[in-house]
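# Coordinates in review
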Amino acid sequence: MTKANKANTVKTGNTGIWVERARPRRTVRRTAVGIAVPMAAVASLMVLTPSGTAAANPGGESGAAPAAAYGELRNNTRWTMEYASFSGSGRVHRCDVWNNSPSARKDNWTNLSCKQVELKAGQKAGGPGNDVDGFTFEDRAYDLYMQFGSGSNKEMRYMGGFKKGVWTKITDIDDARCETLGSVARCYVTFP
C-alpha cells in the first residue's frame, strides 16, 4: 500500500480490513457519478429487453450481441473458492458480507442468508441462470481491488486484505477475477 493510499485509509477494529476515510465532497460526487452512469446504462438495457438480457441483433447481421448484465466470477487461482447467491431459493447458508450496499463499494457489514457454491481453480461462474452475488475463499485471506469511475475517471482502489470467510458482494454489472500472486489470492472487481 502506498503512503498516499495508507494516509486515506484506516484499519477497522479486529476485522483486519482497511476502509477508506471520508473524502472531500467533490471526490464523493465524482465517484457517485462514476458508479451511477454505468448502473443507469444497465437499467436501460434491462428495461429495453424482455428478460433483462441482451437481445441478439434483430437484423440478422453477423457479429456479437451486446453483453448481458450478469455478475461474473473467474477463479484464476490454484485454490478452490466459493461464490454465493443472496436471493432466490435454496438460501440455506449464512454469508458475512462486508460491502452490502447498492453499489457494493461501501463498508456495510451484514450477515445474509445465501446459497454457497464451490468454484474450483480455473473455473468461472455467472451469466444467465447462474447468479453470482458474492465470493470468498473459505481457507485463506485475499486482497481486493475494486474499480471506481469509468472512462478517463476509471480508478482501481485497494479495498484491503480480507480474512478467510469474509464475503465480497458484486453487482449484476460487476466482473470479478481472482488470481494467484505468490502465496496470495488477489481479486479484482471491475465493470464495463
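Presented here is an overview of the structure given in this document.

The rules behind each value
- Residues numbered from 1 in each chain as written.
- Predicted model: local features only at pLDDT ≥ 70, side-chain atom pairs only at ≥ 80, totals over all residues.
- Heavy atoms only, no water.
- Pairing = 2+ DSSP bridges.
- Helix = DSSP H or I, 4+ residues; strand = E, 2+ residues; numbered from the N terminus.
- Polar contact = N/O pair within 3.5 Å; in protein donor to acceptor, adjacent residues only side chain to side chain.
- Contact = heavy atoms within 4.5 Å.
- Axes fitted to C-alpha atoms, helices over the stretch in contact; angles between N-to-C directions.
- Buried < 20%, exposed > 50% of the residue type's maximum accessible area, 1.4 Å probe, protein only.
- Salt bridge = Lys/Arg side-chain N within 4 Å of Asp/Glu carboxyl O.

## Here's the deal with the pairing of strand S6 (residues 110–119)
- Strand direction decides the pairing type here: strand S4 (residues 81–85) and S6, joined by five bridges, are antiparallel. For Tyr-83, the partnering residue across the bridge sits in S6 and is Val-117.
- Here strand S5 (residues 93–97) runs beside S6; their pairing, made up of five bridges, is antiparallel. Across the sheet, the residue bridging to Val-97 is Thr-110, located in S6.

## Comments concerning the side chain of Asn-75
- With respect to the secondary-structure elements, Asn-75 resides in strand S3 (residues 72–76).
- Here Thr-77 takes part through its side chain, which lies 2.5 Å from a polar atom of the side chain of Asn-75.
- Those residues in contact with Asn-75, other than ones at most four positions away along the chain, are Thr-80, Met-81, Leu-119, Lys-120, Ala-121, Gly-122, Gln-123 and Cys-178.

## With respect to the sheet that holds S4
- The five strands lie next to each other as S4-S6-S5-S11-S8, forming a closed barrel whose pairing is mixed. For this sheet, the mean angle separating the axes of adjacent strands, direction not counted, is 50°.
- With two bridges joining them, S5 and strand S11 (residues 166–169) adopt parallel strand pairing. By the bridge assignment for S11, Asp-96 is matched with Val-166.

## Some words on unusual backbone geometry
- Not every positive phi belongs to a glycine, and Ala-104 is a case in point at roughly 60°.
- With respect to the element layout, Ala-104 can be found in the loop between S5 and S6.
- Exposure remark for Ala-104: the relative accessible area of 0% places this residue in the buried category.

## Side note on the pattern of salt bridges
- Applying the stated rule across the entire model yields seven salt bridges.
- A salt bridge links Lys-124 to Glu-72; its shortest N-O distance comes to 3.5 Å. In this pair, Lys-124 sits in strand S7 (residues 124–126) while Glu-72 sits in strand S3, placing the two residues 52 residues apart along the sequence.
- With relative accessibility at 45%, the residue Lys-124 sits in the partly exposed group.
- The partner of Glu-118 in a salt bridge is Lys-120, with the nearest N and O atoms 3.0 Å apart.
- Owing to a relative accessible area of 46%, Glu-118 belongs among the partly exposed residues under this scheme.
- Within the structure, one salt-bridge network assembled from shared partners comprises Glu-72, Arg-74 and Lys-124.

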